[in-house]
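# What the coordinates show
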Amino acid sequence: GPALEARSLYRFFRVGDEETLALQGVSMSVQPGELVAVVGPSGSGKSTLLACLAGLDEPDGGAVTVGGERMSHRPEPVRARLRARSVGVLFQSGNLVEHLSVEANIALAQQLAGRDDPIRPAELLATVGIADRARAVPATLSGGEAARAGLAVALANDPPVLLADEPTGELDAATEAVVLDLIVDATRRGTAVLVASHSPVVAATAHRVLTLTDGRLAS
Ligand code: ADP
Ligand code: ADP
C-alpha cells in the first residue's frame, strides 16, 4: 500500500472572528519510490498539509497514515516517536541543531528514533557527498553543504517517507539540481517523497504534481 496517506483532511484556524479553512478535505497518497510535488500559491495550505502529514500539527478532521501506522489523533509522544522513525523532515528553515557537528546531528536523529542498527554517519555523509564535513558545525557550511547535511539528517533513519517544504528555496540553480538528484536517489532506494515547492524544476522532476488552491486539491 501507500507509504503516506491522507484521507479527507480538514484544518481550521480561528483568529478573532476570522476563520481560515486551511485544508478542506484533502485526500492524497504517495507510493514507495514515488516523488510527488505539491504546488500552489502562498496561503493555499501547503505548509499546513506538510505539518499534518509530519504529525507536527493535528488535523481537525480526517486521518494521516505513515508507513501503515496512523499518525493523526494520537498523543504527541506517539506522534513524535513515529515521526522520528518513519518520517524524514526537511524544512526550509533547516533541520540542523546549530551547536552540534554534522555527524552529531545525525547521531541525535538516530538516538531520537531509537534504532539499534543505525546507518553509519560516515556512510550517510558519503551518500550526500560531504564525507569531509562530518566534524563541521552548521554555521561553517556553505549553502550547498548545509542542504546536503540537512538531507543526511532527514534520511538518517532510512525513513519510508520524506517530507520537504521548499527544500531548494534558497539554493542557486546548480545546487538545487544536486539536491534534487539526491532526493531522486532516495526514491530509487524506495523512499516516498512529498515536496512542497514553487520551483518549476521540482515540478518537472516529480512523478506527479498536486495543486492546492484554498485548501483543496485539484490535479
Ligand atoms: P502555504 O504554505 O501554502 O503558504 P499555509 O499552510 O501556511 O499555506 O497557510 C494556509 C492558510 O492557513 C493561510 O490562510 C494561513 O494564513 C492560515 N494559517 C496557517 N497557519 C495558521 C495559524 N497557526 N494560525 C492562523 N492561521 C494560520
Ligand atoms: P572533539 O574533537 O572532542 O570531537 P570538537 O572540536 O569536534 O570536539 O567539538 C565538540 C562539539 O562541539 C562538537 O559537537 C562540535 O560540533 C561542537 N563545536 C565545535 N566547535 C564549535 C563552535 N565553534 N561552535 C559551536 N559548536 C562547536
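Overview of the structure. No experiment lies behind these values; they were computed from the predicted model shown. Numbers given for residues are sequential positions, taken from 1 along each chain in its written order. Each chain is given a letter, starting from A, and each ligand a number, starting from 1, according to the order in which they appear as written. Where totals are concerned, whole chains, interfaces and linings use all residues; where local detail is concerned, this predicted model gives features only for residues with pLDDT of at least 70, and gives and counts side-chain atom pairs only at 80 or more. Water and hydrogen atoms play no part in the side-chain values, which are based on all heavy atoms of the structure.

### Describing the nonpolar core
Considering soluble globular proteins, one finds that nonpolar side chains tend to be buried as a cluster. One finds Leu35, Ile106, Leu125, Leu151, Leu162 and Ile183 to be the most contacted residues of the largest nonpolar core, which totals 35 residues. Put simply, DSSP marks the helices as runs of H or I at least four residues long and the strands as runs of E at least two long, and each gets a number from the N terminus on. Broken down by secondary-structure element, the contributors of at least two residues to this core are strand 3 (35-39), helix 3 (102-113), helix 4 (121-127), helix 5 (143-154), strand 7 (161-165), helix 6 (173-188) and strand 8 (192-196). Ignoring sequence-local partners within four residues, the contact set of isoleucine 183 consists of Leu35, Leu151, Leu162, Pro167 and Val193. To qualify as a nonpolar core, a set must consist of buried Ala, Val, Leu, Ile, Met, Phe, Trp, Tyr and Cys residues joined through side-chain atoms within 4.5 Å. Only protein chains enter the calculation, and the probe is 1.4 Å; a residue is then buried if its accessible area is under 20% of its type maximum, exposed if over 50%, and partly exposed in between. Core analysis: the next-biggest nonpolar cluster, separate from the first, contains 28 residues, Leu23, Val26, Met28 and Leu194 among them. Pairs of residues are marked as contacts when any of their non-hydrogen atoms sit within 4.5 Å.

### Section: the packing of aromatic side chains
Stacked, tilted and edge-to-face are the three classes assigned to paired rings of Phe, Tyr and Trp, where Trp is represented by its six-membered ring and a pair needs centres within 6.5 Å; plane angles under 30 degrees give stacked, over 60 edge-to-face, the rest tilted. Applying the stated criterion across every chain yields a total of one aromatic pair. Their ring planes at 45° and their centres at 6.3 Å tell us that tyrosine 10 and phenylalanine 12 sit as a pair that is tilted. Accessibility expressed as a relative area gives 35% for phenylalanine 12, which makes it partly exposed.

### A look at the site of ligand 2
For this purpose, a residue is taken to be near a molecule or strand whenever a single non-hydrogen atom of the residue falls within 4 Å of it. All residues adjacent to ligand 2 are His99, Leu100, Ser101, Arg135 and Val137. What qualifies as a polar contact is a pair of N or O atoms within 3.5 Å, subject to a donor-acceptor requirement within protein and to the restriction that residues adjacent in sequence count only when both atoms come from side chains. Note that a nitrogen atom of ligand 2 is positioned 3.4 Å from one of the backbone N or O atoms of histidine 99. Out of a free accessible area of 540 Å², ligand 2 has 33% covered by protein chains. Each accessible area is a Shrake-Rupley estimate made with a 1.4 Å probe; only the visible protein chains count as cover when residues are assessed.

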